[in-house]
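# Coordinate analysis (summary)
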Amino acid sequence: MYKGARVLAFLLVFLSIVTAPLFLNWGKTTAAPEITVDKQAAGRVSGQGGAVACVEPVEIMSSEHMQLLGSWRDLVVREGKTHYVSSDGRMFEMSLDDSCLSCHSNREEFCDSCHEYMSVEPSCWNCHDGAQTIGGE
Ligand code: HEC
Ligand code: HEC
Ligand code: HEC
């Protein structure tokens, strides 16, 4: 009897450890973060106040913003280019701080909360801090 109870207790502990990730992830998927766009800042940057659009269509941005940022960095750092013309003909300075983060000025609620949710940790913020300076705090 005594031995049976120990085996049972062991089994329970074992099971809860094995299935814990399942439950943790399950919790995560039901609690998606609220992703908000700072419409006011975006309006100021685009100079329209109100109807503003990201550099490229949202579907593309959602899945490919990292590639876009990577190509911007290469164009700026390796090729000395400064501006990007979007597929709908608008011109943007290729800058993480001055373009992306001046529209998305709420980095914590926007970029960071989605990345946390997706368990992605971009290393960019050691150097790019959204304060229009590179290498600053
Ligand atoms: C070790 C510091 C460091 C890290 C980390 C870093 N960068 Fe940079 N980045 C720089 C420097 C320095 C420049 C050059 C600035 C210039 O020439 O104007 C630059 C330029 C850029 C540019 C073009 C110019 C600009 O001002 O935005 C982009 C876009 C960029 N980086 C994106 C990224 C992204 C995305 C990440 C993260 C995946 C990242 N960087 C991580 C230091 C860094
Ligand atoms: C002119 C202002 C502006 C600039 C510049 C801008 N964005 Fe956006 N971005 C927006 C707006 C507005 C939306 C929301 C569009 C919508 O929901 O219809 C958005 C949406 C997004 C999304 C999609 C979020 C989702 O719901 O999936 C990502 C990711 C994103 N932006 C990243 C970036 C990155 C990275 C940069 C720089 C390369 C950038 N944005 C530059 C205004 C801007
Ligand atoms: C709606 C969710 C969402 C939002 C909002 C978002 N990202 Fe991301 N981001 C992701 C996902 C998911 C990945 C990982 C994609 C992959 O690994 O293929 C990612 C990856 C990245 C990477 C590459 C990281 C690496 O280490 O390779 C960079 C850089 C990045 N995001 C920058 C930004 C910036 C800057 C913003 C805000 C302007 C932003 N993201 C907003 C979902 C988001």
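Here, every reference points to the structure presented above.
This report concerns the structure included in the present document. This structure is a prediction, so every number in the text was calculated from the model and none was measured. (Residues numbered from 1 in each chain as written. Chains lettered and ligands numbered in written order. Predicted model: local features only at pLDDT ≥ 70, side-chain atom pairs only at ≥ 80, totals over all residues. Heavy atoms only, no water.)

## Brief notes about the overall build of the protein chain
So the rule is basically this: Starting at the N terminus, helices and strands are each numbered in turn, a helix being any DSSP run of H or I of at least four residues and a strand any DSSP run of E of at least two. Note on exposure labels: buried denotes an accessible area under 20% of the residue type's maximum, exposed denotes more than 50%, and partly exposed covers the range between, all computed with a 1.4 Å probe on protein chains only. Should any heavy atoms of two residues lie within 4.5 Å, those residues are considered in contact. Residue exposure ignores everything except the shown protein chains as possible cover, and the areas themselves are Shrake-Rupley values with a 1.4 Å probe.
Within the protein chain, the regular secondary structure consists of 5 helices and 2 strands. Going from N to C terminus, the protein chain has its helices and strands arranged as α-α-α-β-β-α-α. Per-residue burial for the protein chain yields a buried fraction of 20% across its 137 residues. Contacts spanning at least 24 positions in sequence make up 54% of the contacts within the protein chain whose residues lie at least 6 apart. A total accessible area of about 10200 Å² is found for the protein chain, and carbon and sulfur atoms account for 63% of it.

## Details of a negative patch on the surface
Quick note on the threshold: Surface patches are drawn from residues lacking salt bridges whose relative accessible area is over 30%; two like charges belong together within 9 Å, two nonpolar side chains (Val, Leu, Ile, Met, Phe, Trp, Tyr) within 5 Å. What counts as a salt bridge is simple: a side-chain nitrogen of Lys or Arg found within 4 Å of a carboxyl oxygen of Asp or Glu. For this count, His and the chain ends are skipped, Lys and Arg are scored as positive, and Asp and Glu as negative. To locate a charge, the coordinates of NZ of Lys, CZ of Arg, CG of Asp or CD of Glu are taken.
A contiguous patch of negative charge, built from E108, E109, E116 and E121, is present on the exposed surface. A residue is classified by how much of its surface remains accessible, and E116, at 62% relative accessible area, is exposed.

## Some points on the site of ligand 1
Rules: The rule for a residue being near a molecule or strand is that one of its heavy atoms must lie within 4 Å of it. Here a polar contact is recorded for every N or O atom pair within 3.5 Å, except that within protein the pair must consist of a potential hydrogen donor and a potential acceptor, and residues adjacent in sequence are included only if both atoms are side-chain atoms.
Around ligand 1 sit 13 residues in total, of which S95, L96, C124, C127 and H128 are the nearest. The backbone of L96 places a nitrogen or oxygen atom 2.8 Å from an oxygen atom of ligand 1. One of the side-chain nitrogen or oxygen atoms of H128 is found 2.9 Å away from a nitrogen atom of ligand 1. A per-element tally of the shell around ligand 1 places helix α3 (residues 58–79) first, with 5 residues.

## Structural notes on the nonpolar core
To keep it simple, the criterion reads: We define a nonpolar core as any set of buried Ala, Val, Leu, Ile, Met, Phe, Trp, Tyr and Cys residues linked to one another through side-chain atoms lying within 4.5 Å.
Counting residues in hydrophobic clusters, the biggest one holds 7 residues: V55, M61, L68, W72, Y84, F92 and M94. Once residues lying within four places of it in the same chain are set aside, the contact partners of W72 are V55, Y84, F92, E93, M94, S95, S99 and C100.

## Comments concerning the site of ligand 3
The condition that has to hold: We call Asp, Glu, Lys and Arg charged. Ala, Val, Leu, Ile, Met, Phe, Trp, Tyr, Cys and Pro are nonpolar, and the rest, Gly among them, are polar.
In the vicinity of ligand 3 there are 14 residues, among which H65, M66, C111, C114 and H115 approach most closely. At 2.8 Å from a nitrogen atom of ligand 3 is found a side-chain nitrogen or oxygen belonging to H65. Contact between ligand 3 and H115: a nitrogen atom at 2.8 Å from a side-chain N or O atom of the residue. When contributions to the shell around ligand 3 are tallied by element, the ones reaching two or more residues are α3 and α5 (108–118). Here the element with the most residues in the shell around ligand 3 is α5; it accounts for 5 residues. Looking at side-chain class alone, the shell around ligand 3 contains 11 nonpolar, 3 polar and no charged residues.

## A few points about the coordination of the iron atom of ligand 2
Using the following cut-off: Donor selection uses N, O and S atoms within 2.8 Å of the metal (3.2 Å for Na, K and Ca). Since no water is included, sites may look incomplete. By the criteria applied here, four donors are tetrahedral when all angles lie between 85 and 135 degrees, four are square planar and six octahedral when opposite donors are over 155 degrees apart and every other angle lies between 65 and 115, and any other arrangement is irregular.
Around the iron atom of ligand 2, the protein supplies C54 (SG) and H104 (NE2) as donor atoms, at distances of 2.0 to 2.2 Å. If you look at the iron atom of ligand 2, its 6 donor atoms make angles of 86 to 179° with each other, and the shape they trace is octahedral. With C54 in the loop between α2 (39–46) and α3 and H104 in the loop between α4 (96–103) and α5, this residue pair connects regions lying 50 residues apart in the sequence. Judged by its relative accessible area of 27%, C54 is partly exposed.

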